Each structure stands twice: as structure tokens, then as C-alpha cells.
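# Architecture and fold: a report
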Amino acid sequence: MILCCGEALIDMLPQTTAEGVPAFVPYPGGAVFNSAIALGRLGVATGFFSGLSEDLFGKQLQAALAASHVDIRYAKISNRPTTLAFVSLAGGQASYVFYDENTAGRMITAGDLPDIGNDVDCLLFGGISLIPEPCGSAYESLMAREHKRRAIMFDPNIRPAFIPDRQAHEARMRRMVAMADIVKISEDDLVWFGETGPQEEIARRWLELGPRLMVITRGGDGATAFLHGGPTVHVPARPVQVADTVGAGDTFNAGLLAALHERGLLSKQGLAELDESEVRDALSFAIGVAAVTVTRAGANPPWLHELG
């Protein structure tokens, strides 16, 4: 099982009523939540750990997870409210305003961390849940507890407008990079770290911190992977008609993990021994899954049977 650890929230997406009045429609979302949904739809045994509410939005989130075959036994259920993210779209790119005070997801603590069974092979971390407290520290503690015995994937998924203390957040991101086996980051997020030099040089420096595989996604230019002590692998994007990019990176993460899982490579040893062809195949699959998502409005990852 792959256990996805991060926020679940409601994306309030802009739409227009039949009368032409601007409105917002609630859709289940959250970076790691989207990855969990995508993994479940790809037929991978998937679990989800976060704080989930018993309110009407929390029940919507729980129903969405169940519909995509995601196990929520590790989730912390409470009567706190659900996080809301109001979305605006410009040129297909999404920006967000979050309402997150005292929510079910934000208020999880180290005391809420689950005992994880031996059926969990890999944990995925990322998203805005790594920014606020107490949940940010809780997720970092979970990664610290588990990273020596299970495969870890990490996506910083930077949201600059939501980060009140850049220095503290960057320090956490770098600590988590060092504990991860796989790091995936968009080129925009990589720029946020302010490092000098070409992307490959930066990627190679990060790999020296501990990861075995680093992937930089470049939107319409595809994705490039860097293997620790190994080659660089680039796979171009697939040309599609883009509706919006909501959930694209999250779906890419799921596709990458699903491909590695299918080949029996999602373990400490398997990731340490990755070769170029295995990485190329995994990148190609991840790009193909994300390419379907961007043709649809909102975060709506494909089912395995839709990939052909």
C-alpha cells in the first residue's frame, strides 16, 4: 500500500449559474488528496492520512476517497471544520485563497500519528499541510519516524502566498528532502528555493543530501529525472488541449508511484537500483496520466481503463 499523507480540502471552483451570476462550486481537493484519488483510480492499494471532518464537506471528502477505493483507516476523524480553498483561474493557471483556521486537517498533532502496518511500502508527503502548525510538525515527525524503513516520496508543492515564515518553511523543506528517496518538484517551485546554477547542477546537489531520484516537471516541456550517481532522463510532454492545470502535478506524482509500484521498484532497495529504462518508463506513464487530467476541468484524474 502507498500511504498519502497531507491535506484534504474543498476547492471552491469559479463557475457561472444559468442566470449568468458568478458562483463557486465545491469540489474535493488538496494536493496529496488528489494523488490518493489518482492512485486509487490506477488500481494501486492506497491509504490516506490526514485530519478529516465530520461536517458536510468532510463527508464529501470521505465519499470521494471511498469512490476511488482509497482506504481511510489511518485518517483522524474529528468534528472540526474542513479547510476551504477558493480558486481563481487565469490562462488555465490556478491561484488560491485558503480558509484554514482551526480545521480538522490543520489541527492534527504528533499524538494523532497512526501506527502503520507492514502492508504500507511507501509514504507520499507534500502540499500546504507542511506549512501551518501543528500539522506541519506532525507530518515532518511522521516522515522522520518512517523514512529509514519505508520508501518516501516528497513534493514540496510551494504555495508562496500561504507561507508566513519563508526561512522556517525552507528549512523544513530541506530537512524533508534529505529524508526522501524520491523528490519531485516543478521548475517554478525549484526557483523559489533561490539556488544558483543550472537545474541539473541544483538537482545533483540535492541528490547528495540523500534522495535516490529527483524529478523536475516543466509543464509543456515534459519532465526530467536525475538518478543519484546515474544518468539524466528527459521525457517530453504529450500535446493535448488544456482545460486547466488543477491537480496536474498531483496526478503526475500518482502516476510515477503507480509505475514504480507495478514494477516492484517501490522499496529502499528498488529505488537505489533504478536504471535509466525503468525511470524513462515511469516518467512516460506519469506524463500520460497527467496529460489526461489537464484536459478536464478541476482535479479529475483518469481511471486505469481510460488510459488505453
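Okay, so let's go over this structure. Within each chain, residue numbers correspond to sequence positions counted from 1 in written order. The predicted origin of the model limits local features to residues at a pLDDT of at least 70 and limits the giving and counting of side-chain atom pairs to 80 or more, whereas totals for whole chains, interfaces and linings rest on all residues. Excluded from the side-chain calculation are hydrogens and water; included are all heavy atoms of the structure.

Quick look at the pairing of strand 10 (residues 122-126) now. The buried label goes to any residue with under 20% of its type's maximum accessible area, the exposed label to any with over 50%, and the partly exposed label to all in between, with areas taken from a 1.4 Å probe on protein chains only. The secondary structure listing takes helices from DSSP runs of H or I that are at least 4 residues long and strands from runs of E that are at least 2 residues long, numbered from the N terminus. Within strand 10, five of the five residues are buried, which leaves it mostly tucked inside the rest of the structure. Burial of the side chains of strand 10 extends over both faces: Cys122, Leu124 and Gly126 are buried on one face and Leu123 and Phe125 on the other. Two strands qualify as a pair provided that DSSP identifies no fewer than 2 bridges between them. In this structure, strand 1 (residues 2-5) lies alongside strand 10, joined through four bridges in parallel fashion. Note that in strand 10 the partner of Cys4 across the bridge is Leu124. Classification remark: right-handed applies to a crossover when, strands pointing away from the viewer, the course from the first strand over the helix to the second runs clockwise. Taken together, strand 10, helix 3 (residues 135-146) and strand 11 (residues 151-155) form a β-α-β motif whose crossover is right-handed.

In this section: the pattern of salt bridges. Salt-bridge detection follows one rule: a side-chain nitrogen of Lys or Arg within 4 Å of a carboxyl oxygen of Asp or Glu. A full pass over the atoms with the stated rule returns 22 salt bridges. Here Asp100 and Arg106 are joined by a salt bridge, their closest N and O atoms 4.0 Å apart. Taking the relative accessible area as the measure of exposure, Asp100 reaches 9% and is therefore buried. As a salt-bridge pair, Arg280 and Glu276 come within 3.2 Å of each other at their nearest N and O atoms.

So, about the pairing of strand 12 (residues 182-186). With respect to burial, strand 12 is a largely interior element, four of its five residues being buried. In this view, the connection linking strand 11 to its parallel neighbour strand 12 by way of helix 4 (residues 166-179) has right-handed handedness. With five bridges joining them, strand 12 and strand 13 (residues 213-217) adopt parallel strand pairing. Bridged to Ile185 within strand 13 is Ile216.

A few words on the layout of surface pockets. Whether a set of points on the 1 Å grid over the protein atoms alone is a cavity depends on a 1.4 Å probe fitting there but being unable to get out, while an open set qualifies as a pocket with protein on both sides within 12 Å along at least five of seven lines; lining residues are those with an atom within 4 Å of a point. Grid points are joined across faces, edges and corners, and a volume is the space filled by probe spheres set on the points. Of the volumes computed, that of the second largest pocket is approximately 220 Å³. As for the second largest pocket, its lining consists of 16 residues, of which Tyr27, Pro28, Arg41, Ala299 and Asn300 are closest to the centre. Counting only elements with at least two residues in the lining of the second largest pocket, the list comes to strand 2 (9-16), strand 3 (22-29) and helix 1 (31-41). Here the lining of the second largest pocket gets four residues from one element, more than from any other, and that element is helix 1. Its residues assigned to classes, the lining of the second largest pocket comprises 10 nonpolar, four polar and two charged. Residues were grouped as follows: Ala, Val, Leu, Ile, Met, Phe, Trp, Tyr, Cys and Pro as nonpolar; Asp, Glu, Lys and Arg as charged; and all remaining residues, including Gly, as polar.

On to empty space enclosed by the protein, then. Under the criterion given, the structure shown has three cavities of 30 Å³ or more. Computed from the structure, the largest cavity encloses a volume of approximately 80 Å³. Forming the walls of the largest cavity are Glu7, Ala8, Leu9, Thr83, Asp100, Thr103, Gly105, Arg106, Ile128, Ser129, Pro132 and Cys135. Looking at side-chain class alone, the lining of the largest cavity contains five nonpolar, four polar and three charged residues. Considered as a void within the structure, the second largest cavity measures approximately 40 Å³ in volume. Grouping the amino acids of the lining of the second largest cavity by side-chain chemistry returns four nonpolar, five polar and two charged.

The bulk of non-glycine residues show a negative phi, and the bulk of peptide bonds are trans. Each neighbour pair has its own omega, and for Glu133 with Pro134 the value is 10°, a cis peptide bond. Mapping Pro134 onto the fold places it in the loop between strand 10 and helix 3. Residues other than glycine seldom take positive phi values, yet His69 does so here, at roughly 65°. Here His69 lies in the loop between helix 2 (56-67) and strand 6 (70-71).

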